[in-house]
Amino acid sequence: MLPTTVARIAELCNGKAEGDTGRTITGFNALEEANESELSFISNRKSALAAEKSRAACLLVPVNHENAPPRTVIRVPEPRTAFAQVVTSLHAPAKPSAQIHPSAVIAISADIAANCYIGPNVSIGERSKIGAGCIIHAGSVIGDDVTLGENSIVYGNASIYDRVRIGARAVLHSGSVIGADGFGFVFNRDHYEKFPQIGTVVIGDDVELGANTCVDRAALGSTRIGNGTKLDNMVHVAHNCEIGRHVVVAAQTGFSGGVVVGDYAVVGGQVGVGDKAKIEAKAVVGSGAGILTSKIVRAGEPVWGTPARPLREHLQQLASVARLPQLMEQIKELSRRVDALSNH
Amino acid sequence: MLPTTVARIAELCNGKAEGDTGRTITGFNALEEANESELSFISNRKSALAAEKSRAACLLVPVNHENAPPRTVIRVPEPRTAFAQVVTSLHAPAKPSAQIHPSAVIAISADIAANCYIGPNVSIGERSKIGAGCIIHAGSVIGDDVTLGENSIVYGNASIYDRVRIGARAVLHSGSVIGADGFGFVFNRDHYEKFPQIGTVVIGDDVELGANTCVDRAALGSTRIGNGTKLDNMVHVAHNCEIGRHVVVAAQTGFSGGVVVGDYAVVGGQVGVGDKAKIEAKAVVGSGAGILTSKIVRAGEPVWGTPARPLREHLQQLASVARLPQLMEQIKELSRRVDALSNH
Amino acid sequence: MLPTTVARIAELCNGKAEGDTGRTITGFNALEEANESELSFISNRKSALAAEKSRAACLLVPVNHENAPPRTVIRVPEPRTAFAQVVTSLHAPAKPSAQIHPSAVIAISADIAANCYIGPNVSIGERSKIGAGCIIHAGSVIGDDVTLGENSIVYGNASIYDRVRIGARAVLHSGSVIGADGFGFVFNRDHYEKFPQIGTVVIGDDVELGANTCVDRAALGSTRIGNGTKLDNMVHVAHNCEIGRHVVVAAQTGFSGGVVVGDYAVVGGQVGVGDKAKIEAKAVVGSGAGILTSKIVRAGEPVWGTPARPLREHLQQLASVARLPQLMEQIKELSRRVDALSNH
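Quick summary incoming for the structure in this document. (Residues numbered from 1 in each chain as written. Chains lettered and ligands numbered in written order. Predicted model: local features only at pLDDT ≥ 70, side-chain atom pairs only at ≥ 80, totals over all residues. Heavy atoms only, no water.)

Here's the deal with the relation of the copies chain B and chain A
Stated precisely, the cut-off is as follows: All copies are superposed by least squares; the fitting set is the C-alpha atoms of residues with a pLDDT of at least 70 in both.
Overlaying chain B on chain A yields an RMSD of 0.1 Å, the required transformation being a rotation through 120 degrees with an accompanying axial translation of 0.0 Å. The operation mapping one copy onto its partner corresponds to a three-fold rotation axis.

Points about the packing of helix H5 (residues 324-343) of chain A against helix H5 (residues 324-343) of chain B
Let me state the cut-off plainly: Fitted lines through C-alpha atoms serve as axes, helices being fitted only where they are in contact, and the angles separating the N-to-C directions of these axes extend from 0 to 180 degrees. Helix and strand assignments follow DSSP, with helices taken as H or I runs no shorter than four residues and strands as E runs no shorter than two, numbered in order from the N terminus. Any angle between 65 and 115 degrees counts as roughly perpendicular, while under 35 counts as roughly parallel, over 145 as roughly antiparallel, and the rest as oblique. With the far helix as reference, a near helix turned anticlockwise by less than a right angle produces a left-handed crossing, and one turned clockwise produces a right-handed crossing. Any two residues whose heavy atoms approach within 4.5 Å are treated as being in contact. Under the convention adopted here, Pro, Cys and the residues Ala, Val, Leu, Ile, Met, Phe, Trp and Tyr are nonpolar, Asp, Glu, Lys and Arg are charged, and Gly plus all remaining residues are polar.
At a minimum axis distance of 10 Å, the contact between H5(A) and H5(B) shows a crossing angle of 30 degrees. By the angle between their axes, H5(A) is roughly parallel relative to H5(B). For H5(A) against H5(B), the interelement crossing comes out left-handed. Within the contact between the two elements, H5(A) uses A:Leu324, A:Leu327, A:Gln330, A:Ile331, A:Leu334, A:Arg337, A:Val338 and A:Leu341 and H5(B) uses B:Leu324, B:Met328, B:Ile331, B:Leu334, B:Ser335, B:Val338, B:Asp339, B:Leu341 and B:Ser342. When the residues that make up the contact of H5(A) with H5(B) are grouped by side-chain class, the tally is twelve nonpolar, three polar and two charged.

Here we look at helix H5 (residues 324-343) of chain C
Spelled out, the test is: In this scheme, a helix's expected span is set at 1.5 Å multiplied by one less than its residue total. Residue burial is assigned from relative accessible area. The probe radius is 1.4 Å, only protein chains are included, and a residue is buried under 20% of its type maximum, exposed over 50%, and partly exposed in between. By definition, the arc is the one covered by directions from the helix axis to the C-beta atoms.
For H5(C), which comprises 20 residues, the first-to-last C-alpha distance of 29 Å matches the rise-based estimate of 28 Å (1.5 Å per residue) to within 8%. Looking at H5(C), one finds that the buried residues are C:Leu324, C:Leu327, C:Met328, C:Ile331, C:Leu334, C:Val338 and C:Leu341. In a view along the axis of H5(C), the buried residues occupy a sector of 140 degrees, so they form one face of it. Residues of H5(C) that are buried make contact with H5 of chain A, helix H4 (311-322) and H5 of chain B together with helix H4 (311-322) of chain C.

Description of the sheet that holds strand S8 (residues 99-100) of chain B
Convention followed: For two strands to pair, DSSP has to find at least two bridges joining them.
In space, the twelve strands of this open sheet follow the order S8-S11-S14-S17-S20-S25-S28-S31-S34-S37-S40-S41 (chain B), with mixed pairing throughout. The open sheet has two edge strands, S8 and strand S41 (309-310) of chain B, and neither has a second partner.

A closer look at the interface of chain B and chain A
Selection criterion: Two parts lose some accessible area (1.4 Å probe) when they are put together, and adding that loss for both gives the buried area. Salt bridges, as used here, are contacts in which a Lys or Arg side-chain nitrogen is within 4 Å of a carboxyl oxygen on Asp or Glu. What qualifies as a polar contact is a pair of N or O atoms within 3.5 Å, subject to a donor-acceptor requirement within protein and to the restriction that residues adjacent in sequence count only when both atoms come from side chains.
If you look at the interface, chain B gives 55 residues, while chain A gives 56 residues. A buried area of about 4,400 Å², summed over both sides, lies between chain B and chain A, and 66% of it is on carbon and sulfur atoms. Ranking the residues of chain B by area buried against chain A places B:Asn157, B:Met328 and B:Ile331 at the top, with a combined share of 12%. Seen at the junction of chain B and chain A, the total is two salt bridges. As a salt-bridge pair, A:Lys194 and B:Glu208 come within 2.8 Å of each other at their nearest N and O atoms. At the junction of chain B with chain A, the criterion picks out 21 residue pairs in polar contact (both at pLDDT 80 or more). A per-class count over the side of chain B that touches chain A returns 29 nonpolar, 20 polar and six charged.

Notes on the state of the cysteines
This is how the line gets drawn: Here, a disulfide means two cysteine sulfur atoms that sit within 2.5 Å of each other.
Inspection of every chain in the model, using the stated rule, returns zero disulfides over all chains. With no disulfide of its own, A:Cys134 has A:Cys116 as its nearest cysteine by sulfur position, at a separation of 4.9 Å. Overall, A:Cys134 belongs to the buried group, its relative accessible area being 0%. Not engaged in a disulfide, the cysteine A:Cys214 finds its nearest cysteine sulfur in C:Cys214; these two sulfurs lie 10 Å apart.

Considering the interface of chain C and chain A
One widely used convention gives an interface's size as the accessible area the parts lose upon coming together. Contact residues are listed per partner, giving 56 residues for chain C and 55 residues for chain A. When residues of chain C are sorted by the area they lose upon contact with chain A, C:Phe183, C:Tyr192 and C:Leu220 head the list and together hold 15% of the total. Here chain C and chain A share two salt bridges between them. C:Arg337 is paired through a salt bridge with A:Asp339; the nearest N and O atoms lie 2.6 Å apart. Only strand S22 (185-188), strand S23 (191-194), H4 and H5 of chain C provide two or more residues apiece to the side of chain C that touches chain A.

Looking at unusual backbone geometry
Trans is the common state for peptide bonds, and a negative phi is the common state for residues other than glycine. Residues and elements named next belong to chain B. In this model, Thr 306 is joined to Pro 307 through a cis peptide bond whose omega is -10 degrees. Assignment of secondary structure puts Pro 307 in the loop between strand S40 (302-304) and S41. With phi around 55 degrees, Gln 270 is a residue other than glycine that occupies positive phi space. Tracing the backbone shows Gln 270 in the loop between strand S34 (266-267) and strand S35 (272-273). Taking the relative accessible area as the measure of exposure, Gln 270 reaches 19% and is therefore buried.

In structure tokens:
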């Protein structure tokens, strides 16, 4: 839909345009990198300063932005959100046209709905159902009895094991693995035996899973991920976890078996969560935190550190530890003074 | 082999059935989720309480379980182990029938033994030997001169580099990568040059490697993983590591170059182990621990923390740190008292 | 080029041979594992001792090595580097002969230069350009408008998204994912919306990316990795990072959005780096360190711990914490003495 004009963009985001509203916009870019025909935006005070130097054709700015020296801007309540909306509507990613590539191997009993793109060397197993409008890129492997909801996107070389159920508008990035066996073994005298992993994985609508992220099947029952949840790259979700709705998890975090995460929780990167721990709704877990087995993080609570504790406590503790050398000096000094008093 | 009866299950696990031994069993499930025709089990006191509410048709219970109010149960010494055995014998995963999919690309010089399933778009290189009864799922890539023992399973999109040797009954999950170059470079004036990685990887029998787990080849010689060892998802095993037999390693743990792990060691998730460290037999490393370069963890010793130290020491230290604010108060108070004494 | 002689190897590395210079060399190995026809090397004092027991046909040794009892050696200034050079020139990995496998799916508009090997089931998208002499192993997926420089190697099942640009002589190991969407979402009332990820990834020459490593595309602009940089397995590089030239990063480290890493920095394994942090040139980050959002690590500085601080400070702090139990005893003792003085 590009090129377009400043006026048209103002319409799209319900903003108020000022300056050269007829100016042509041919693309979108960051403030520092935008050229004379690109749109950009100001997200905070820092970029307000950077705005002066930007070569961008037009900026989305907060309603109360002081536009001096005057340039072409569009005023909106939330520039970042408005920018996302404008880009999403004008710069839709090139959707491959519906087709099933002849090299794809699709079981006769599989059910591929209308308007799907199935790329080269994809394989889809028996009785699997692919919803309308799905895009499955090259090299992905989909097992038997899998369900994938409408308008989902599976990028290249992703793997979905048998019986996994995924909702509509899901995005699975390359290398993600859904439904591998949970890590469950029983020690028998001198060796480990596999505890059967006969459950499955159920993923809601509008879920995005990052590259090389793994969601294991349940031993019994289902590992679950709720609607709207987003996992970054290389996240590990073990067997029988229940991740709620609209949860956000940054890269390389791992959830051990049976962990429960409430709706709208926010979990940083490289967090480790022990077996059966519970992170309640809207809790916030700082990056790198370690949550012990069976621990409960309370609703809305920000926690950090290993073992994770309320953020304020953790910061106090960091500060205390930093003051340790000083403390040691104080004790030495006190000791000297007590010596003096004793010899007095 | 399903459906079956309570009596038949008691036979299978050498248990003692009580109650309606003719009752039909059609499946297996967790205590809370089992329906009126499913078998479940009680693993500890907590689930003994939950047992009362369970709708399960029959429960595997400890020998001394107080069955009140009475319900249909089977008494066994280890209910969890017995449950695993029963499920394994009655709920064998559907094994794909032996065939080589026409889209698989197999070198003429490769040797595929009897009763193998080779899925769509698999590729197998020159002179590789695949043992009898192996299952290699779609999209997996096996290089030249690879050996894979009998009855092994390779899930979709796994990658095995040239010359890797893997034993019998191995399970490699999707996205696992065996035999990539070790991370070895030599700094030469102003840039890094690759130190040749001409060794290989040798993996024993009955080993399971989780999804997206990586085992690098040795620079020289072999990276080794012993019989019966189980690695969870996204574990990193660097060049020249020697992981013993029946070792268990949880997700996202990383072993640097040349690490040695003794038999029956248990290593938690997200552990980091420095170059040439040694974890002796039956040691237990807590999740998130960091083991320094060349450190030795003694046989049977439980360790935790970063840098890892004996568990008791680590817990003491955590407790000490938690008491720091109180300690500071004590020092202030002492200081006040010494001031008073001095002015006396 | 094997077998060869000790004399010929001395020529190759400009070394000075002593002993049986006509002896035949058929391979290369570690000191402990080399047999009577293999070359090995001594890297430090420890292996000088081990050298005595080695069965190797010939050893590369430091110039001042005391060769007693005398054996066949070649003296060089840097034995490890010399060994790498010799192995690299004599043991070139078998390069597959140039061909495009008939099962590869290559867009008509793609441009494959001379002498490439394109393996089975590879897919290459529209308008992508593959430089001369590239090797792309089985199952790899390359999107549209990708550029891959001359003599690069892409191992099996790697995934490169649309529009990614990679330089010459790159090595991408299996399962690596380049150009997946950055993890950017905007919270809108009760759910997250995707912030468009319309940037790309630009990777320099001579870069090596480990197995299952992920480099995300930029939201706007480019995620960049400079010439000569080496990333180990399962490293995460988020959107808009700028990793400099000749940087080395060990396994499982994660860089959050917008992180900048200067040239010749060395980053250990399992390090976590917060949004927009900056690691300046030649800084050294210890394994497992956590660098907070927007933190700056100074040029050349070694840092460690979480939150990361200068190495010396961190070690002092570790020492202080270890002395805490002793400190508590001192305070108790002081308290007793003050009590005594007060009652005096």
